[in-house]
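Listed below, chain by chain, are the residues.
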Amino acid sequence: MPSLTQVIKLDVADGKLRCERQAEYGYDTVEVELPAVISVGDAINEPRYPSLKAIMGAKKKQRDVKSVGDVGIEADRVGEQGSRTTVLEINPPAEKAAGEIIEDEDTNETVERIVGWLEERKLLA
């Protein structure tokens, strides 16, 4: 399957992708047939931020609610019964240990304590 990385622009036409991608010394334009694997660079998306008016208007807007039957999907293909995966357990992240605050009363002593702490953890080369 063809694959492209660092794509910054893509167009789909006639079962083919025309991609512009970031290369070492500029930009390449490449055409590949579908299906293809594409990874994009951060330049592909320019976020649009909603205005305050749009946010307030969205709060008042009526939401359409549709059931599984309304959209023509079999009930056993969605939800827990239709899932191909099973969640075995959910655990909260481990608690972080409290940090140590070193007051700077004597600069030389403070530096020695910090260097000692770093050496204890083998963080100094």
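Please read these numbers as outputs of a predicted model, since none were measured by experiment.

Asker: Account for the overall build of the chain, with residues named and values stated.
Answerer: Helices and strands together make up the secondary structure of the chain, namely 3 helices and 4 strands. Expected size for 125 residues packed as a compact globule is a radius of gyration near 14 Å; at 27 Å, the chain overshoots this value by more than 25%. The principal-axis extents of the C-alpha atoms in the chain amount to approximately 70 × 45 × 40 Å. Residue pairs in contact within the chain that sit at least 24 positions apart in sequence constitute 30% of those at least 6 positions apart. If you sum the accessible surface of the chain, you get close to 12,100 Å²; carbon and sulfur atoms cover 50% of it. Placing the 17 positive and 25 negative side-chain charges of the chain at their respective mean positions leaves the two points 13 Å apart.

Asker: Can you explain a nonpolar patch on the surface? Please cite residues and give values.
Answerer: A contiguous nonpolar surface patch, about 390 Å² in accessible area, is contributed by L10, V12, L34, V40 and I44. Judged by its relative accessible area of 34%, L10 falls in the partly exposed class.

Asker: Before we move on, could you go through helix α3 (residues 107-120) and cite the residues and values that matter?
Answerer: Between its first and last C-alpha, α3 extends 20 Å over 14 residues, near the 20 Å set by a 1.5 Å rise per residue. Backbone geometry just after α3 places K122 at a positive phi near 55 degrees.

Asker: Which residues make up the sheet that holds strand β3 (residues 26-33), and what are the values?
Answerer: Spatial ordering of the open sheet is given by β3-β2-β1-β4, a layout of 4 strands whose pairing is mixed. The two strands at the open ends of the sheet, each matched to only one other strand, are β3 and β4 (37-40). The average undirected angle you get between the axes of adjacent strands in this sheet is 45 degrees. Alignment of strand β1 (residues 3-13) against β4, held across 3 bridges, turns out to be parallel. Within β4, the position partnered with L4 by the bridge is I38.

Asker: Let's hear about the pattern of salt bridges: which residues, and what values?
Answerer: Using the criterion set out here, one finds 5 salt bridges in the structure. Two residues, E31 and R18, come together in a salt bridge whose shortest N-O distance is 3.5 Å. With E31 in strand β3 and R18 in strand β2 (residues 16-23), this residue pair connects regions lying 13 residues apart in the sequence. Accessibility expressed as a relative area gives 46% for E31, which makes it partly exposed.

What counts as what
Residues numbered from 1 in each chain as written. Predicted model: local features only at pLDDT ≥ 70, side-chain atom pairs only at ≥ 80, totals over all residues. Heavy atoms only, no water. Helix = DSSP H or I, 4+ residues; strand = E, 2+ residues; numbered from the N terminus. Rg over C-alpha atoms; globule rule 2.2 N^0.38 Å. Contact = heavy atoms within 4.5 Å. Areas by Shrake-Rupley, 256 points an atom, 1.4 Å probe, with all protein chains shown as cover. Lys, Arg positive; Asp, Glu negative; His and termini not counted. Charge placed at Lys NZ, Arg CZ, Asp CG, Glu CD. Patch = residues over 30% accessible without salt bridge, like charges linked within 9 Å, V, L, I, M, F, W, Y side chains within 5 Å. Salt bridge = Lys/Arg side-chain N within 4 Å of Asp/Glu carboxyl O. Buried < 20%, exposed > 50% of the residue type's maximum accessible area, 1.4 Å probe, protein only. Expected span 1.5 Å × (residues − 1). Pairing = 2+ DSSP bridges. Axes fitted to C-alpha atoms, helices over the stretch in contact; angles between N-to-C directions.

Take it as geometry only, folks, not as evidence of what the structure does.
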